[in-house]
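Now for the letters of each chain:
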Amino acid sequence: MRAAGLLAALLAAGAVAGSVAAQPSPDPIGLQLFPDSRHPPAYQGLDAAAQARVDLGHAVFNTQWVVAGTPGAARRDGLGPLFNGASCDGCHNEGARGRGPLGDGPAPEAMVVQLALPARAGQPELGDPRYGHDLNTAALPGVAAEGTVSIRYHERTGRYPDGTAWSLRVPQYLLTDLRYGALSAHTIVKPRLAPALFGDGLLEAVPQSAITGQGSAGQAPAAPAGAPAWQWQDGGRRLGRFGWQGASISVREQTGKAFAREMGLTNSVIGSDDCTAVQSACRAQPNGGSPEVSDDLFDAVVAFERWLAVPRLPGSDADSRAPNTLFVQIGCAACHRPRLPVMLPRADGSIARAIIAPYTDLRLHDLGAELADRDAGGHTVATAWRTAPLWGLGYRVHREHVPTFLHDGRARTIEEAILWHDGKARAARSAFEQLTAAQRRALLQWLAML
């Protein structure tokens, strides 16, 4: 009854983070210890059949795909012709977030530069006419890779009101060796780090009404500035909740895009390679089947991703992950919502209701011009970002030698990530800056345990 009562409260229009934090609630589900990062657990126990499917998906996730026709490849051929990586695990190591740039130089494999033309209302997002949806930096023999991506940083410094110094690194992205001509001047250049996949199945189970604040009969809210036009169809929102800008509505859709556009592997979601009209050598290459990722293997990968738990640190408990008072007071919880309801289907067709602690509202927000994308001509483009879930943040901080943050890894610490917030988050960032040094340390230490 407590879970059902809290669910009703969260579904009510206008529910705010402060009220969520104040209400009693059952312990959130979804968090598990990760004693061995090579074997990420499911967020709940599985029967033998489901576990076997997840295990198959995990094996496919770690598979190195090869060129079509490779002897002995069985069903793991069809890579390319253009691609960025040869396995899912190469960017999402065991489901974790990809490694960000450590400094000037080539972009790491886990950073993909997506390309998109400004979308018209009600129309799908189109890629660059010459390069498609991603700039693929690798290719099969006989096919020219599309180009290279490198990064240069310069430091921007400042001080808190109490005199403490801070520094941010500002990236400049260089796309060179473009083998198929110039990008369209209107193409939006979108550097993106591979996000963590932990808890994605639970985020998929959040009712849309809990995100929009509207019941099934309510009107969808107006599109925020910078929201991709393809998310708004038939007078209402086609709610995307995956990817840095909510570009995909489901784990399945997000997985299909990654297979096709970053690995060159066709599947039941996207049945063609990202070869454009000017890339004749790409279009002439043999394929590894139709589709190249068979439905049973594709569905197993999706099952693996959907069941992934969210890692919690040893020694942490529900109290240590409860909404921090400072976090709520300075306004962070308005977008990084501490609690959301989920509705999980049971085998008998009934629905199980529970609560998760993702620290996101799964909505899009303008975070200011400094974080916005730019087009090929260098002009700032209105950009809306999905609120990044903060659960599992402690795992990243303690697991990675040099963790990086934000959509392109520009932030080297949680503190830097906060200082980059602007636009709708300007008031919360300013309130963070006004905290005492001791208060800032306490808040950052709490975040590093989520």
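1. Section: the state of the cysteines
For step 1, the next point in the chain: The full count for this structure, using the stated rule, is one disulfide.
For step 2, the next point in the chain: At a sulfur-sulfur separation of 1.9 Å, the disulfide partner of Cys275 is Cys282. Taking the torsion about the sulfur-sulfur bond, which here is approximately -50°, the covalent link between Cys275 and Cys282 counts as left-handed. Both residues of the pair, Cys275 and Cys282, count as buried.
For step 3, the next point in the chain: Cys91 supplies the cysteine sulfur nearest to Cys88, a cysteine that is in no disulfide, at a spacing of 8.8 Å.
For step 4, the next point in the chain: On the basis of relative accessible area, Cys88 is assigned to the buried category, the value being 10%.

2. Focus on the confidence of the model for the chain
For step 1, the next point in the chain: Of all residues in the chain, 88% have pLDDT values of 70 or greater, and the mean over the chain is 89.
For step 2, the next point in the chain: Within the model, pLDDT remains below 50 along residues 227-236, and this stretch shows 33 contacts once partners closer than five positions in the same chain are excluded.

3. Remarks on the environment of Leu326
For step 1, the next point in the chain: Inspection of the secondary structure puts Leu326 in helix H10 (residues 325-329).
For step 2, the next point in the chain: For Leu326, a relative accessible area of 15% translates into the label buried.
For step 3, the next point in the chain: Taking the C-alpha atoms as reference points, Leu326 and Leu443, 117 residues apart in sequence, are found 6.7 Å from one another.
For step 4, the next point in the chain: When neighbours within four sequence positions are excluded, Leu326 is seen to be in contact with Leu435, Gln439 and Leu443.

Conventions we followed
- Residues numbered from 1 in each chain as written.
- Predicted model: local features only at pLDDT ≥ 70, side-chain atom pairs only at ≥ 80, totals over all residues.
- Heavy atoms only, no water.
- Disulfide = S-S within 2.5 Å.
- Buried < 20%, exposed > 50% of the residue type's maximum accessible area, 1.4 Å probe, protein only.
- pLDDT = per-residue confidence, 0-100.
- Contact = heavy atoms within 4.5 Å.
- Helix = DSSP H or I, 4+ residues; strand = E, 2+ residues; numbered from the N terminus.

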